[in-house]
Each structure stands twice: as structure tokens, then as C-alpha cells.
Amino acid sequence: MPKPYVNFSEDEFLERQRRVRSELVARDLDGLLVSRVEDQHWLCGLDTDGFVIFHIMFIGSGGQLTHVSRTADIASIDYSSLCDDVRVWEDAEGNSKSKAIRDMLASHGMAGKRIGVQLDTFGLLPALHVELREALDGWCELVDASNLVRLMRLVKSPAELEHHRHAGRILDRACARAIELTAPGADEGHVLAEVYRIIWEEGADIPANRMPMGHGDKAMNVRYVTGRGSIGENDQVTFEMGDAWRHYHVADMFTVLTGPKIDPRHLKMHEACVEALDSVQAALRPGRTLGEVFEAHRATLAAHGFEHAILKACGYTMGATFPPTWMEQPMIYRDNPLVLEPNMVFFTHMILSDQKAGLIMSLGETSIIRSGAPEVITHVPREAIIRR
């Protein structure tokens, strides 16, 4: 296959660009500075982690499409992007990035125009935003358009859904292997190594998050922390696992209990999580809001007497993401008004974290919204996972 190496048809990319340009016109914008690498990937296939230093793309309502990048990313652009208009900012003392952006905008006749900008991305750090505002003040108008592309990306195409499904099949294998290896005395590093081995050997992507695996004093964290160790007896081992196929992520979550003694409170927490996950998946229907989904989670766990232990969000949308996180907006929290539509993808996690008792339990899966019941594409055991 000749360069660029992209994961969708050229027609699909062109249709995405057309939709963005149509929305620019609807918002009375002449163009958009795209600093979110996930949106650049969606629009033209760009595949690089160079955004952590500097990379901006411009899409104009009149058909313009331009990268502004560094010499270090020229090869990545050539390899992966359908956009062939590339402007290079030189890494040099005193050479501002904002000047390269303004020069590019000037070449497209953007003086005096209304330009959208994304304010919620890792690709536009506060220092660059301040610099950009200063460089463009009085020259053109910058307008917050952070959600313009993000909202379009929520509903996935058939090809995108196949990437999610493929990632789900691989994660199910990795999940089964993690459960198989988790037992008292097992080395945490060995368990994680086997999980990553499966992901690599299947040709998938290492997830954008470092996968949390907590046991002992780390079990309550639900976050990755450095340092390995051995799983203990009477332990609670929290897994939040993920992988990606061509950057399209899926995730799951579960807790493994080790013996010989099992705290009966853990079993009650697990029962509540099972019922809550079922209730949430029953609420994942087109026309329902994310606020309603959260309430299904809250009400079920509260009915079991665990409202004191629930988190204030129970999931989020999934898509093509880059480090440092696989999480995207919107999240599932109280009163969120976003209405579900077919072909959206959500990871829903039920987490009970009883800080006072020092106990945790979790259960989570990834689902595709369909016209009826959701299509669950990652799977965790519904029975309590006990390894002695």
C-alpha cells in the first residue's frame, strides 16, 4: 500500500472534512486551528506523538488544509497524513511558534477573519495559547470552537466500529490471561508483561493510559503508580485494562479477590456492581441522556447501601485517542444532558471505593449504542473472581 498509510478510505476522510467545513460555515467561522491530535488523526490520518512538542493543523471553510509542524515530524506526516501542505516551524531560540501559525494563516487570507481554536487539548498548552492570542490580537478573531470536531467524532462510522470490536476481542484474551495469572504470590510485573505480550503479538496498540493494576496498598488507587510487587493472600487486585486497534480504544474493569479468606463485604459489593452494570447497560439507549445513565448507576448502588462509596462519574466515551489518556469527553455524570445516539461507544465502570473500610470493588465493560440493547464488546465475568 503506497503512502500515506491510513486506516480508512480517502472518501471517508473527505466526507469528515466536508462535514467540518459545513459546520464552520454554520458557525460563521472561516477556519479552525486544530490542536487536538485525535481530531487531526480523524481528519487526515496523521499518526504522531509530536503534538507534545508542537503541531497545529488548519482546516478552512474554503478548502484549505495545512500542517504547521517541526522537522522531526516531516517523516510522520509523509507516512500517515493525507494533507500535503506542510509548513515547518524551526526549533530556534527566539523563534515563536505563533509567528509560524500567523504566517500560515496569512497565506490563506485569514487577516480579519473569524478563526476557531481548541482550548481543551494537550496540543495547545497555556503558554502557547497566550502567545497565540498576543500574536493574533487585532489581526483576526479567535473563537472557542473546542467541541466542533469532538462532537462529530462521538458517532462512529462502520469502519471505526470494526476497529473498536477488534480491540475488544484482543482485550478479552488479555483479560482472561490476567485473571489466570492472578493468585497469591504472583509477581505483578509478570502478570502485566503477559497482558502486554498478548496486545503486541496481536498487532494492537498499547493503550494510551498506563494500565492500573492495584494490589495491597495500591488497590484503592484506580490509577497507575510506579513500583512492582507480589500479590498477597487475602488481597484485592484492581484491574483497569485497555488496548486499541489503530488507536481506537476499548477498556474493561474488574477486581480479583485472593484467598484463602474472602471478606463477605467484598461479595456484597460485587453483587451490587453486577446489578449496577446491568442497569446502566439497560439505560444505554438512543434518546436517553448521560444523566439518566448515571442515575441508573447511582440508584442501584444506593439501593444496596453503597451510595457512600460511589464515584461521581461512571464512564465516558471511547474513540481514537493518543497518550496520555484513553478517556474522552463526555463523561457520564449527574445531569449530563448529552443525548445518546446509535453508534456511540461508551466504557461504563461501576466502582465502589469504601475508603473507611479499605475495600474496593469494580466492574466495567465497553458497549456500542444500538437501536435496542447495546452491543457489549468487552466482557468481564459476572461471578465474583476469586483466586486462591
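Quick note: structure is the one above.
Rules behind the numbers
- Residues numbered from 1 in each chain as written.
- Predicted model: local features only at pLDDT ≥ 70, side-chain atom pairs only at ≥ 80, totals over all residues.
- Heavy atoms only, no water.
- Helix = DSSP H or I, 4+ residues; strand = E, 2+ residues; numbered from the N terminus.
- Rg over C-alpha atoms; globule rule 2.2 N^0.38 Å.
- Buried < 20%, exposed > 50% of the residue type's maximum accessible area, 1.4 Å probe, protein only.
- Expected span 1.5 Å × (residues − 1).
- Contact = heavy atoms within 4.5 Å.
- Axes fitted to C-alpha atoms, helices over the stretch in contact; angles between N-to-C directions.
- Parallel < 35°, antiparallel > 145°, perpendicular 65-115°, else oblique.
- Nonpolar A, V, L, I, M, F, W, Y, C, P; charged D, E, K, R; others polar.
- Pairing = 2+ DSSP bridges.
- Core = buried A, V, L, I, M, F, W, Y, C linked by side-chain atoms within 4.5 Å.
- Salt bridge = Lys/Arg side-chain N within 4 Å of Asp/Glu carboxyl O.
- Left-handed = near helix turned anticlockwise from the far one by under 90°.

S.K.: What's the story with the overall build of the chain in this structure? I'm lost.
M.R.: From N to C terminus, the chain includes 10 helices and 15 strands. Relative to the compact-globule value of 21 Å for 388 residues, the chain shows a C-alpha radius of gyration of 23 Å, a close match. C-alpha extents for the chain along the principal axes are approximately 70 × 40 × 40 Å. Put simply, the chain has 388 residues, and 55% of those count as buried.

S.K.: Hey, could you run me through helix α10 (residues 290-303) in this one?
M.R.: Because an α-helix packs 3.6 residues into every turn, residues spaced three or four apart end up facing the same way. Taking 1.5 Å per residue as the helical rise, α10 with its 14 residues ought to reach 20 Å, and the 20 Å between its terminal C-alpha atoms agrees with that figure. If you check which residues of α10 are buried, you get Leu290, Gly291, Val293, Phe294, Ala296, His297, Thr300 and Leu301. Where α10 is buried, its residues meet α9 (264-283), β10 (313-317), β11 (328-333) and β12 (345-354). Where α10 ends, the next residue or the one after it, Gly305, has phi of about 85 degrees, a positive value.

S.K.: In this structure, what is going on with the packing of helix α1 (residues 10-26) against helix α2 (residues 37-44)? I would like to understand it.
M.R.: Between two packed helices, both the angle of their axes relative to each other and the distance between the axes serve to describe the pair. Direction vectors running N to C along α1 and α2 enclose 120 degrees, while the axes themselves pass 7 Å from each other. As summarised for this structure, α1 and α2 are arranged oblique, according to the angle between their axes. Every residue of α2 that contacts α1 at Phe13, Arg16, Gln17, Arg19 and Val20 is listed here: His41, Trp42, Leu43 and Cys44. A per-class count over the contact of α1 with α2 returns 5 nonpolar, 2 polar and 2 charged.

S.K.: Just to check I follow, could you spell out the pairing of strand β3 (residues 65-69) for this structure?
M.R.: If a strand is regular, its side chains alternate between the two faces of the sheet. For β3, the tally of buried residues reaches 5 of 5 residues, placing the bulk of the element in the interior. Side chains of β3 alternate between two faces, with Leu65, His67 and Ser69 and Thr66 and Val68 buried alike. In this sheet, β3 lies alongside strand β2 (residues 56-60) in antiparallel orientation, the contact comprising 4 bridges. Bridge pairing in β3 places Met57 opposite His67. In this structure, the hairpin formed by β2 and β3 is closed by a connection of 4 residues, where Gly63 is found at a positive phi of approximately 110 degrees. Of the pairings in the sheet, the one linking β3 to strand β4 (residues 86-88) comprises 3 bridges and is parallel in character.

S.K.: Explain the nonpolar core here, please?
M.R.: Inside soluble globular proteins, nonpolar side chains tend to come together where they are buried. Among the nonpolar cores identified, the biggest contains 75 residues, and Phe239, Met241, Phe254, Leu340 and Leu352 are the most heavily contacted of them. Every residue in contact with Phe254, bar those within four places of it in the chain, is listed here: Cys175, Ile179, Val237, Thr238, Phe239, Met241, Ser362, Val380 and Ile385. Residues Phe8, Phe13, Trp42 and Leu46 belong to the second largest nonpolar core, which totals 24 residues.

S.K.: Before we go on, may I ask you to explain the pattern of salt bridges in this structure?
M.R.: Throughout the structure, instances matching the rule amount to 31 salt bridges. Put simply, Arg18 and Glu15 hold a salt bridge, and the shortest N to O gap is 2.8 Å. Here Arg18 and its partner Glu15 are both found in helix α1, 3 residues apart, which amounts to about one turn of the helix. By relative accessible area, which is 37% here, Glu15 ends up partly exposed. For the salt bridge of Asp263 with Arg265, the shortest nitrogen-to-oxygen distance reads 2.8 Å. Here the residues in one salt-bridge network are Arg36, Asp39, Asp120, Arg153 and Glu328, joined through shared partners.

S.K.: Mind showing me how you'd approach the packing of helix α7 (residues 158-181) against helix α8 (residues 188-201) here?
M.R.: The N-to-C vectors of α7 and α8 enclose an angle of 160 degrees; their axes lie 9 Å apart at closest approach. Relative to α8, α7 is oriented roughly antiparallel. Along this stretch, α7 crosses α8, giving a crossing that reads as right-handed. Contacts between α7 and α8 involve Ile170, Arg173, Ala174, Arg177, Ala178 and Leu181 from the former and His190, Val191, Glu194, Val195, Ile198 and Ile199 from the latter. Of the residues that constitute the contact of α7 with α8, the class distribution is 8 nonpolar, 1 polar and 3 charged.

S.K.: Help me understand unusual backbone geometry, please; the structure alone is not making it clear to me.
M.R.: The phi angle of most residues is negative, glycine excepted, and most peptide bonds adopt the trans form. Of note, the bond from Gly259 into Pro260 is cis; its omega dihedral lies within 30 degrees of zero at 10 degrees. Structurally, the position occupied by Pro260 is in the loop between β9 (248-258) and α9. The omega angle of the peptide bond from Pro323 to Pro324 is 15 degrees, so this bond is cis rather than trans. Residue position: Pro324 is located in the loop between β10 and β11. For Asp28, which is not a glycine, the phi torsion comes out positive at approximately 60 degrees.

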